[in-house]
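Listed below, chain by chain, are the residues.
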Amino acid sequence: MTIPSSREACLALDAADPLAGFRARFHLPAGQIYLDGNSLGVLPLATPERLARVIREEWGEGLIRSWNSPSPESGLGAGWVDAPLRVGERLAPLLGAAPGQVAVADSTSVNLYKLLAMALQLRPERRVIVSEADNFPTDLYIAQGLIAQLGGRHELRLLPAGASLADYRAALDDQAAVLMLSQVSYRSGALHDMRALSAAAHAAGALTLWDLAHSAGALPLALDADGADFAVGCGYKYLNGGPGAPAFLYIARRWQGQATSPLSGWFGHAQPFAFEPDYRPAPDIAQALCGTPPILGLSALEVGIEQFEGVDMAQLRAKSLALSELCIGLVESRLAGQGFVLASPREAARRGSQVCWQHPQAWPICQALIARGVVGDFRAPDILRFGFTPLYLRHVDVWDAVEQLAQVMASDEWRQARFQARGKVT
Ligand SMILES: *Cc1c(COP(=O)(O)O)cnc(C)c1O
């Protein structure tokens, strides 16, 4: 891929971009270049109006009747009770999942807990969860908590970041119950080969649980074709569902009805409104639900997912990589010798939709950039992270962001005291 050599060349690429029109669907704060859509996606323009309608009409007027489907007599009813599976069904094509396998509920952490427990139930004679030492901490914490709860008989076997397929094959022995991985590393953006690793897990008799937090809405996915058994992911990152949006979960049809969610709440019951005293699991994906769904969050997430309708995910991936390559090429040429070390894989096919730089002063540099309107983020101990969201970012944004970074470095601005203090959320 050749890197555009001027701002004008970037503008020309944007003029020819088949996805350019999608940018107009989002609220992008004036004077900002937002490179953090991998942490909190932007606001779709349609969201405030949709939420206002849900609040004023469905909640305000319809009240309890909104749980059911619209009634021809009263005109009231909003189908709230079906929202977790309805929104899951809308999301399924983005995940490469046939109908009936995706639900939207709870948080990614809670869904990990449920699905990891279900996967272990399906391999009762095995004791090992294989994962990556650099996996997102909540994934490891959830596994540790579940292991303790199950009596400490299981073991978490962690491979280093960058372990090869051969390393995973070696770790997947006859004690391996589950291979639990984030497809894209939150820290480096490194992308695992889902198909090859799922095949390796299956060859060893293990199941797979994929965390798609940095994949869903960021790259084409093929959960069914790639042989995933279970998957979870976030609604508030590339899916633009809003802060704390409900998460999603996927259970391959072949496992539905074979294992039971450990959080056996009434929404996972075969007939919640029969109010039976004993738990009887729903036979389908609804079994993974637990309690009353958060309708406001689900409504906002549904709008976020709607923004992907009509998007060719191959085009989205091509643009994501073009933006990432542009960032790498510009930083390495314009900021050579200034301490930025690429922390993401150099090979495009092995990267998700973010580019990370190691730098000893990553924190104050990130703060100085934010003060100039270029919003990326920092991940301890020394990573400057830029996320590329192809639906609303342009080549010229990357050009301008690197220009700002060059100015931050040339002016030594990052040394100012105001850029040294750390907030609670980085
Ligand atoms: C962002 C992220 C999460 C967050 O989980 P929550 O339960 O939504 O807080 C989990 N896993 C990965 C890989 C992430 O990147």
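Residues numbered from 1 in each chain as written. Predicted model: local features only at pLDDT ≥ 70, side-chain atom pairs only at ≥ 80, totals over all residues. Heavy atoms only, no water.

Looking at an unreviewed UniProt entry, one finds the protein named Kynureninase and attributed to Stagnimonas aquatica. According to the UniProt record, the Function (unreviewed entry) comment for the protein is "Catalyzes the cleavage of L-kynurenine (L-Kyn) and L-3-hydroxykynurenine (L-3OHKyn) into anthranilic acid (AA) and 3-hydroxyanthranilic acid (3-OHAA), respectively." (UniProt positions renumbered as here; feature names shortened; annotations may be inferred.)

Things to note about the environment of cysteine 327
Residue position: cysteine 327 is located in helix α9 (residues 313-334). For cysteine 327 and tryptophan 399, which are 72 residues apart along the polypeptide, the C-alpha to C-alpha distance reads 7.6 Å. Not counting chain neighbours up to four residues away, the residues in contact with cysteine 327 comprise Val355, Trp357, Phe386, Phe388 and Val398. (Helix = DSSP H or I, 4+ residues; strand = E, 2+ residues; numbered from the N terminus. Contact = heavy atoms within 4.5 Å.)

Quick look at the pattern of salt bridges
Tallied over the full model, the rule gives 24 salt bridges. A salt bridge links arginine 157 to glutamate 155; the nearest nitrogen and oxygen atoms lie 3.6 Å apart. A relative accessible area of 21% means that arginine 157 is categorised as partly exposed. Salt-bridge contacts for glutamate 403 lead to arginine 334; the nearest nitrogen and oxygen are separated by 2.8 Å. With glutamate 403 in helix α11 (residues 395-411) and arginine 334 in helix α9, this residue pair connects regions lying 69 residues apart in the sequence. For glutamate 403, a relative accessible area of 24% gives the class partly exposed. With a relative accessible area of 33%, arginine 334 lands in the partly exposed category. (Salt bridge = Lys/Arg side-chain N within 4 Å of Asp/Glu carboxyl O. Buried < 20%, exposed > 50% of the residue type's maximum accessible area, 1.4 Å probe, protein only.)

Observations concerning the domain arrangement of the protein
Here the protein is described as being made up of domain 1 (7-43 + 312-419) and domain 2 (79-306). Each of domain 1 and domain 2 has a C-alpha centre, and the two are 29 Å apart. Taken together, the contact pairs 31 residues of domain 1 with 21 residues of domain 2. Carbon and sulfur atoms supply 57% of the area that domain 1 and domain 2 bury against each other, a total of about 1,800 Å² over both sides. Looking only at domain 1, the three residues that lose the most surface to domain 2 are Asn38, Met313 and Gln354, adding up to 24% of its buried area. Applying the counting rule to domain 1 against domain 2 returns 10 residue pairs in polar contact (both at pLDDT 80 or more). Of all the secondary-structure elements, those providing two or more residues to the side of domain 1 that touches domain 2 are α9, β12 (354-358) and β15 (383-387). (Domains from an automatic or database assignment. Buried area = accessible area lost by both parts, 1.4 Å probe. Polar contact = N/O pair within 3.5 Å; in protein donor to acceptor, adjacent residues only side chain to side chain.)

Describing the UniProt feature "binding site: pyridoxal 5'-phosphate" (unreviewed entry) in the protein
Taking the numbering used here, the UniProt-annotated feature "binding site: pyridoxal 5'-phosphate" (unreviewed entry) corresponds to Thr108, Ser109, Phe136, Pro137, Thr138, Asp139, Asp211, His214, Tyr236, Trp266 and Thr292. Spatial dispersion of the annotated residues is evident: they stretch over 185 residues in sequence, and the largest pairwise C-alpha distance comes to 30.5 Å. Along the chain, threonine 138 turns up in helix α5 (residues 137-149). Apart from residues no more than four positions distant in its own chain, threonine 138 is found in contact with Ser109 and Leu112. Residue position: aspartate 139 is located in helix α5. Beyond its immediate sequence surroundings of up to four residues, aspartate 139 is in contact with Leu112, Met180, Ser182 and Asp211.

Details of the sheet that holds strand β4 (residues 102-104)
With mixed pairing, the 7 strands of this open sheet are ordered in space as β4-β10-β9-β8-β7-β5-β6. Since the sheet does not close on itself, it has two edges, and those belong to β4 and β6 (155-159), each with one partner. Across this sheet, the average inter-strand angle for adjacent strands is 20°, counted without regard to direction. Sitting on the sheet, helix α7 (residues 194-203) is in contact with β7 (176-182) and β8 (207-211), with an inclination near 150° to β8. (Pairing = 2+ DSSP bridges. Axes fitted to C-alpha atoms, helices over the stretch in contact; angles between N-to-C directions.)

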